[in-house]
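Spelled out from the first residue to the last, the chains are:
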Amino acid sequence: MASAPIEPQYFGSFDGERLAWRETGEGRPVVLIHGFFSDAHTNWIRYGHAAAVAAAGFRVIMPDLRAHGSSAKPHDAAAYPPDVLMRDGFALIEHLGLTDYDLGGYSLGARTTMRMLANGATPRRAILSGMGLTGVTRTEGRSGHFRNILTNLGSFRQGSPEWLAEAFLKTTKGDPVALLHILDTFVNTPEEDVRAVPMPVLVLQGDDDHDNGSARDLADALPHATYREIPGGHMSAVLRSELGQEIANYLAA
């Protein structure tokens, strides 16, 4: 059953840009970051994942990434330095005063989580969903895929992966100019940094999701990983109740 919308709250990030977050539930904080072209409502709230995690005793905090959802969508390239999403993540954690928390994300949210882990974030546990090893170590592939979509809107064969991604972009009312700048912020995480992540990590993947490389390889590279699969591909796994339930079960264990 679809969950009702949650009104956003706002804060100023490290550079003053006005960013949004939503939250539900009470208890231990967990920050969950959505994927590219998406937003907190679509990724976490709409299909009940946030509610499932909240029901397990958590305060679920869900930012809208820069250039997404209710957050600022500047068109100035200067607003998109390398690793800006990581820096926004740290700014939210600082704004909320979080010191003992969990952290995770889906797709771009998982890549952002990895960048935070590689640069000093210290959650108790982390969740990397919709993400494989090459998706964090070599970001050029997915970046090129989305750059092609954003610069050739309206030209794709119906039913193609590009057409489907463009259709999703329309449902979330994405800003192509701002989203194109996001692609310039991606930073690769060296495999040695992946292997140095000290905390337990849930690697959660749709069984037909190959968009960001092998999630099994990602789990194998992490020293303290738990690997789980749910039904679906990269886009369809988000619609499945298993996504939120697996995250809730892992965090509550």
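The structure this text deals with has already been given above.
Residues numbered from 1 in each chain as written. Predicted model: local features only at pLDDT ≥ 70, side-chain atom pairs only at ≥ 80, totals over all residues. Heavy atoms only, no water.

Draft legend 1. Structural view of the overall build of the chain. Within the chain, the regular secondary structure consists of 11 helices and 8 strands. Over its C-alpha atoms the chain spans a radius of gyration of 17 Å, differing by no more than 12% from the 18 Å that the globule rule assigns to 253 residues. Dimensions along the principal axes, computed over C-alpha positions, put the chain at roughly 45 × 40 × 35 Å. Relative to its 253 residues, the chain shows a buried fraction of 55%. Sequence-distant contacts, at least 24 apart, represent 74% of the contacts inside the chain between residues at least 6 apart. In the structure as shown, the chain presents an accessible area of about 10,400 Å², 50% of it carried by carbon and sulfur atoms. Positive and negative side-chain charges of the chain, numbering 22 and 30 respectively, have mean locations separated by a distance of 2 Å. (Helix = DSSP H or I, 4+ residues; strand = E, 2+ residues; numbered from the N terminus. Rg over C-alpha atoms; globule rule 2.2 N^0.38 Å. Buried < 20%, exposed > 50% of the residue type's maximum accessible area, 1.4 Å probe, protein only. Contact = heavy atoms within 4.5 Å. Areas by Shrake-Rupley, 256 points an atom, 1.4 Å probe, with all protein chains shown as cover. Lys, Arg positive; Asp, Glu negative; His and termini not counted. Charge placed at Lys NZ, Arg CZ, Asp CG, Glu CD.)

Draft legend 2. The arrangement of the side chain of D64 in detail. Inspection of the secondary structure assignment puts D64 in strand β4 (residues 58-64). From its side chain, D64 meets the backbone nitrogen of S70 in a polar contact 2.8 Å long. Filtering out sequence-adjacent residues up to four positions away, D64 remains in contact with A20, W21, R22, H34, D39, A40, G69, S70 and S71. (Polar contact = N/O pair within 3.5 Å; in protein donor to acceptor, adjacent residues only side chain to side chain.)

Draft legend 3. Geometry of the nonpolar core. By size, the foremost hydrophobic cluster in this structure holds 56 residues, and its most contacted members are F36, F37, L218 and L222. Counting residues per element, this core draws most heavily on helix α3 (residues 84-96), which supplies 7 residues. Among all residues touching L222, those that are not within four sequence positions of it are M114, L128, V194, V197, V201 and V203. In terms of nonpolar packing, the next biggest core, distinct from the first, is built from 23 residues, A54, V60, I127 and L202 among them. (Core = buried A, V, L, I, M, F, W, Y, C linked by side-chain atoms within 4.5 Å.)

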